[in-house]
Amino acid sequence: MEYEKKEQMKHYEELLRTFFTDHTKDVMKQPRSFIRYPFIDPGSIYDGNVWNFFDHQLEDGYIPMMIEVADWPKPYLNMRHKEGVLMNMHKPFLCTQICLISDYVKDYTWMEENLEGIRKYFACYDRNYYYENCGLYVWRDDIMIGMDNDPATFGRPPFSTANIFLNSFMCVELAAGAKIFRTFGQNGEADVLLKKREALIQSIQSERWDKRDQFFYSVDVDIKTRKYDWFHQGLGVFWKTLPIKVRVWSGFIPMYAGIATEEQAAAMVKHIFDDTTFGSDYGLTTLAKDEKMFDLSVTNNPSNWLGPIWLVANYVTFRGLLNYGYRDEAEIICERTLTLLGRDLEKSGCLHEYYDPFTGEPIMNGGFINWNVLAVNMADELRGKKPMSFSD
């Protein structure tokens, strides 16, 4: 039985590798309009790359979350920003991607001219999205946050949510930025970023880890004593945040980022494989099954992160398991992922954006490649390949 299972996994892996190789040409796009550099379009509807984002960085350091060619003369988010409307900016993956590319080609010199842009990028985050009272970063709103309808942010007031997704990945981004500056001998700049990272880790530990639930939560930062006439003159609000107790898959990102303790990781592993919450034969659900928002509706803009299986969630959780020595558990996630995509490819001839966690059936966006490629990275990393994640 074990032999048959291994052969099936080998078959699915080879099937997926062939598919990705055959479709490489489909993801390479040529410049058009105000997108001046060749770029990778790895999904059915998404595009962008490092050069193009720096090309549209504004003087105050703002980099748009999205660059899309449509019926406007420049990126939409930049136009809104110049009008005085503060929008969410580029997610904290820019320096991480620079390091991944540079380490792969063994050359960082291509990015030297943008060191000032990187400084401004971090400064813009600190100036506009950092909530000093609790030491955490906040989304402006729920527009283009990656996990479109994450209940911790979706539909909530502006600047009220310090999302665990944003802050965990910012820890990785700060380390990547420090590595870039150190590569060019700018150790002072690197040290500043590393100090910010350590402070952010401490804030995540103190404000986001729930000792009772043994889980990392996003938090509400709109916390203050609201006085009215002679009311509320005594003991005021002394807590810095209020946990948004919705169990979202992003609670596992601290393991990917390496900022969870060994004890916290051990507790999180139990959540990952709990069939009443996140456990699925195809990886893990993006929202715990027992949350009242759990929903598998077909929707785009926002895409649905209220329970469907997304490959990026599978991979990030897989990598977190390996980071903390849970190899057997990581193998389970890999096998479930290969099974999910392999069956889809055999049945439909393509891959999809997200999937039903109970049946493994695709929900929408056929032709989606993007982070589905991470399925074969899982298999490679179990065999010892360097992970597709930042490491100093």
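Residues numbered from 1 in each chain as written. Predicted model: local features only at pLDDT ≥ 70, side-chain atom pairs only at ≥ 80, totals over all residues. Heavy atoms only, no water.

(A) A look at helix H5 (residues 94–105). With 12 residues, H5 ought to run about 16 Å at 1.5 Å a step, and its terminal C-alpha atoms sit 17 Å apart, in line with that. Those residues of H5 lying buried are Leu94, Cys95, Thr96, Ile98, Cys99 and Ser102. In this structure, the buried side of H5 is in contact with helix H3 (50–55), helix H6 (115–129) and helix H7 (164–183). Lys106 sits one or two positions beyond H5 and adopts a positive phi of about 60°. (Helix = DSSP H or I, 4+ residues; strand = E, 2+ residues; numbered from the N terminus. Expected span 1.5 Å × (residues − 1). Buried < 20%, exposed > 50% of the residue type's maximum accessible area, 1.4 Å probe, protein only. Contact = heavy atoms within 4.5 Å.)

(B) Expanded view of a nonpolar patch on the surface. Together, Leu235, Val237, Phe238, Trp239 and Leu242 make up an exposed nonpolar region whose accessible area comes to about 560 Å². Among the secondary structure elements, Leu242 is positioned in strand S9 (residues 242–244). (Patch = residues over 30% accessible without salt bridge, like charges linked within 9 Å, V, L, I, M, F, W, Y side chains within 5 Å. Areas by Shrake-Rupley, 256 points an atom, 1.4 Å probe, with all protein chains shown as cover. Salt bridge = Lys/Arg side-chain N within 4 Å of Asp/Glu carboxyl O.)

(C) How the structure looks around empty space enclosed by the protein. The tally for this structure, following the rule as stated, stands at 1 cavity of 30 Å³ or more. A volume near 30 Å³ is recorded for the largest cavity. Around the largest cavity sit Ala152, Ile164, Phe215, Phe216, Tyr217, Ser218, Val246, Val248, Ser250 and Gly251, which together line it. Of the residues contributing to the lining of the largest cavity, the split by class is 7 nonpolar, 3 polar and no charged. (1 Å grid on protein atoms, 1.4 Å probe; cavity = no way out; pocket = protein on both sides within 12 Å on 5 of 7 lines; lining within 4 Å. Points joined across faces, edges and corners; volume = space filled by probe spheres on them. Nonpolar A, V, L, I, M, F, W, Y, C, P; charged D, E, K, R; others polar.)

(D) Quick look at the layout of surface pockets. In this structure, the second largest pocket occupies an estimated 330 Å³ of space. Lining the second largest pocket are 14 residues, with Lys6, Met9, Glu335, Leu382 and Arg383 positioned closest to its centre. Those elements that provide at least two residues to the lining of the second largest pocket are helix H1 (2–22), helix H12 (327–348) and helix H13 (374–382). The biggest single contributor to the lining of the second largest pocket is H1, with 6 residues.

(E) Representation of the side chain of Arg247 within the structure. Here Arg247 lies in the loop between S9 and helix H9 (253–257). Residue Arg247 is classed as buried on the basis of its relative accessible area of 19%. Of the polar contacts made by the side chain of Arg247, one reaches the side chain of Asp290; its length is 2.7 Å. Arg247 has contacts with Phe215, Tyr217, Thr277, Phe278, Leu287, Ala288, Asp290 and Glu291, leaving out every residue within four places of it along the chain. (Polar contact = N/O pair within 3.5 Å; in protein donor to acceptor, adjacent residues only side chain to side chain.)

(F) Representation of the side chain of Thr337 within the structure. Within the secondary structure, Thr337 sits in helix H12. According to the relative accessible area criterion, Thr337 is buried, its value standing at 0%. Residues in contact with Thr337, not counting those within four places in the same chain, are Tyr282, Leu311, Asn314, Ala375 and Met378.

(G) Local environment of the nonpolar core. Leu16, Ile118, Tyr125, Ile180, Trp249 and Phe318 are the most contacted members of the largest nonpolar core, which totals 123 residues. Per element, the largest residue contribution to this core is 13 residues, and it comes from H7. Once residues within four sequence positions are removed from consideration, Tyr125 is found in contact with Met89, His90, Lys91, Pro92, Tyr130, Tyr137, Trp139, Leu166 and Met170. (Core = buried A, V, L, I, M, F, W, Y, C linked by side-chain atoms within 4.5 Å.)

(H) Spotlight on the pattern of salt bridges. By the definition in use, this model includes 27 salt bridges. Notably, a salt bridge pairs Glu59 with Lys120, separated by 2.9 Å at the nearest N-O pair. Taken together, the residues span a long stretch of sequence, with Glu59 in the loop between H3 and helix H4 (76–82) and Lys120 in helix H6 at a distance of 61 residues. Measuring nitrogen to oxygen at the nearest pair gives 3.0 Å for the salt bridge that ties Asp222 to Arg226. Accessibility expressed as a relative area gives 35% for Asp222, which makes it partly exposed.

(I) Expanded view of the packing of aromatic side chains. Tallying each qualifying case throughout the model produces 27 aromatic pairs. Arranged with centres 5.0 Å apart and planes meeting at 70°, the rings of Phe165 and Phe169 form a pair that is edge-to-face. In this pair, Phe165 and Phe169 both sit in helix H7, 4 residues apart, roughly one turn of the helix. Each member of the pair, Phe165 as well as Phe169, carries the same accessibility label: buried. With centroids separated by 3.8 Å and ring planes inclined at 10°, the aromatic side chains of Trp305 and Trp310 adopt a geometry described as stacked. Site record: aromatic cluster; members linked through ring pairs are Tyr121, Phe122, Tyr125, Tyr129, Tyr130 and Tyr137. (Phe/Tyr/Trp six-rings, centres within 6.5 Å; stacked < 30°, edge-to-face > 60°.)

(J) Fine view of unusual backbone geometry. In this model, Asn301 is joined to Pro302 through a cis peptide bond whose omega is 10°. Relative to the assigned elements, Pro302 resides in the loop between strand S11 (283–284) and helix H11 (311–323). A positive phi is found at Lys106, a non-glycine position, where the angle reads about 60°. When you line up the elements, Lys106 lands in the loop between H5 and H6. Located in the positive-phi region is Gln214, a residue other than glycine, with phi close to 55°. Here Gln214 is to be found in the loop between strand S6 (209–210) and strand S7 (215–216). Judged by relative accessible area, Gln214 falls into the partly exposed class, the value being 29%.

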